[in-house]
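# Observations on the model geometry
For reference, the chains in residue letters:
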Amino acid sequence: MNRSCLRLVLAALLATILTGCAAPPAPVVYHSLLGADAGAAATARADGPALVVGPVSVPDLLHNTRLATGSDGRFQLAENHRWAGAVDREIGRALAERLAAELATERVALFPQPPPGGTAWQVQLEVLALDGTPGESARLDVRWTLVDPAGKATETRRATLVEPLAEPGLAPWVAGQRTNLARLGAAIAARSRERATR
């Protein structure tokens, strides 16, 4: 074997060894806004108030499956952390479950599905921001509109919810956003009760 051939064999062998020693790629972690504590209340009634959640609109940045964090117009997309589903659907599902628990009803549906048993109130949601910095805070900024069973918008409100974070990382940031959605659900439930009893 000549020297040129030997060099090629040694280079190939070295490349194989180095490739074998390289660290495996980090696994992709999927996150959901639907937490384990978001289930309907144990006293949920089949004849409870009816409510449709949605449509939910989100900024273009949030249509990316990768988690986007940051503030002041600067964002970072996580390489190995992704949403378990489309963010608008994740927000809608999480809010629908929270409202079902808050209103003790089984008659909550996600737009465009109609609720069981006919006419319903509707809450439309425009997400202005779902951001914040891991280790510091998780922020949810939304504008929501309550629509009566006749299809008339009765009021529109804006809510900015900020959850301080004690731990770094994306999992605590997602948990902070779940807390923000829970607080939003409580506020919407309180207003829908007031409106429905007028």
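Preceding block: the structure.
A few points on the structure. Just so it is clear, the model here is predicted, and its values are computed rather than measured. (Residues numbered from 1 in each chain as written. Predicted model: local features only at pLDDT ≥ 70, side-chain atom pairs only at ≥ 80, totals over all residues. Heavy atoms only, no water.)

## Some details on unusual backbone geometry
Stated formally: Secondary structure counts use DSSP, requiring at least four H or I residues in a row for a helix and at least two E residues in a row for a strand, with both numbered from the N terminus. Summary of the burial criterion: residues with accessible area below 20% of their type's maximum are buried, those above 50% are exposed, and those between are partly exposed, where the area comes from a 1.4 Å probe applied to protein chains only.
Residue Pro55 is reached from Gly54 by a cis peptide bond, and omega for that bond is 5°. Tracing the backbone through its elements, the reader meets Pro55 in strand 2 (residues 51-57). The omega angle of the peptide bond from Phe111 to Pro112 is 10°, so this bond is cis rather than trans. For Asp72, which is not a glycine, the phi torsion comes out positive at approximately 55°. Structurally, Asp72 can be placed in the loop between strand 3 (66-71) and strand 4 (74-83). For Asp72, a relative accessible area of 78% corresponds to the exposed category.

## Quick look at the nonpolar core
One broad trend across soluble globular proteins is that nonpolar side chains are buried collectively. Condition: Nonpolar cores are built from buried Ala, Val, Leu, Ile, Met, Phe, Trp, Tyr and Cys residues. Side-chain atoms within 4.5 Å join them into one set. Here a residue-residue contact requires only that any non-hydrogen atoms of the pair lie within 4.5 Å.
Core analysis: the biggest nonpolar cluster contains 39 residues, and Ile91, Leu125, Val127, Trp144 and Leu184 have the highest contact counts within it. Breaking this core down by element, the ones donating at least two residues are strand 2, strand 4, helix 2 (87-103), strand 5 (108-110), strand 6 (121-133), strand 7 (137-147), strand 8 (153-164) and helix 3 (170-196). Here this core gets eight residues from one element, more than from any other, and that element is helix 2. Look past the residues within four positions of Leu125 in its chain and what remains in contact with it is Pro55, Val56, Ser57, Ile91, Leu95, Val142, Arg143, Trp144 and Leu184.

## Some words on the environment of Pro134
Turning to its location among the elements, Pro134 is positioned in the loop between strand 6 and strand 7. Owing to a relative accessible area of 27%, Pro134 belongs among the partly exposed residues under this scheme. Each C-alpha atom of the pair Pro134 and Glu167 lies 7.7 Å from the other, and the pair is 33 residues apart in sequence.

## Examining the pairing of strand 3
Cut-off, in case you're wondering: A pair of strands is treated as paired once DSSP finds two or more bridges between them.
In the sheet, strand 3 pairs with strand 4 via five bridges, with the strands oriented antiparallel. Its bridge partner being in strand 4, Ala68 is matched across the sheet by Leu77. In textbook terms, the turn of a hairpin is the stretch between consecutive antiparallel strands, and for strand 3 and strand 4 this stretch comprises two residues, one of which, Asp72, has a positive phi near 55°.

## Comments concerning the pattern of salt bridges
Under the convention used in this document: We define a salt bridge as a side-chain nitrogen of Lys or Arg found within 4 Å of a carboxyl oxygen belonging to Asp or Glu.
Going through the model one piece at a time under the given rule, you end up with nine salt bridges. Across the pair Asp141 and Arg158 runs a salt bridge, and its minimum N-O distance is 2.6 Å. In this pair, Asp141 sits in strand 7 while Arg158 sits in strand 8, placing the two residues 17 residues apart along the sequence. By relative accessible area, Arg158 is classed as exposed at 52%.

## With respect to the pairing of strand 8
With eleven bridges connecting them, strand 7 and strand 8 associate as antiparallel partners. Across the sheet, residue Leu146 finds its bridge partner in strand 8, namely Glu155. Hairpin connection, strand 7 to strand 8: the antiparallel pair is bridged by five residues, and Gly151 has positive phi, about 90°.

## Structural notes on the side chain of Thr69
Here Thr69 is to be found in strand 3. You can call Thr69 buried: its relative accessible area is 8%. Discounting chain neighbours no more than four positions away, the residues touching Thr69 are Arg74, Phe75, Gln76, Gly132, Pro134, Leu170 and Trp173.

## A look at helix 2
For clarity, the threshold we go by: Here the expected span of a helix is defined as 1.5 Å times the quantity of residues minus one.
Look at helix 2: 24 Å from first C-alpha to last across 17 residues, which is about the 24 Å you get at 1.5 Å a residue. Within helix 2, burial applies to Val87, Glu90, Ile91, Gly92, Ala94, Leu95, Ala96, Arg98, Leu99, Ala100 and Leu103.

## Considerations on the packing of aromatic side chains
Short version of the rule: Any two of the Phe, Tyr and Trp rings considered here, Trp counted by its six-membered ring, make a pair once their centres fall within 6.5 Å; the pair's planes then place it as stacked at under 30 degrees, edge-to-face at over 60, or tilted in between.
Counted according to the given criterion, the structure contains one aromatic pair. Seen in terms of ring centroids, Trp83 and Trp173 are 6.2 Å apart; in terms of plane orientation they differ by 45°. Their pairing is tilted. Here Trp83, found in strand 4, pairs with Trp173, found in helix 3; they are 90 residues apart in sequence, far enough to count as distant. Note on accessibility: Trp83 and Trp173 belong to one class, buried.

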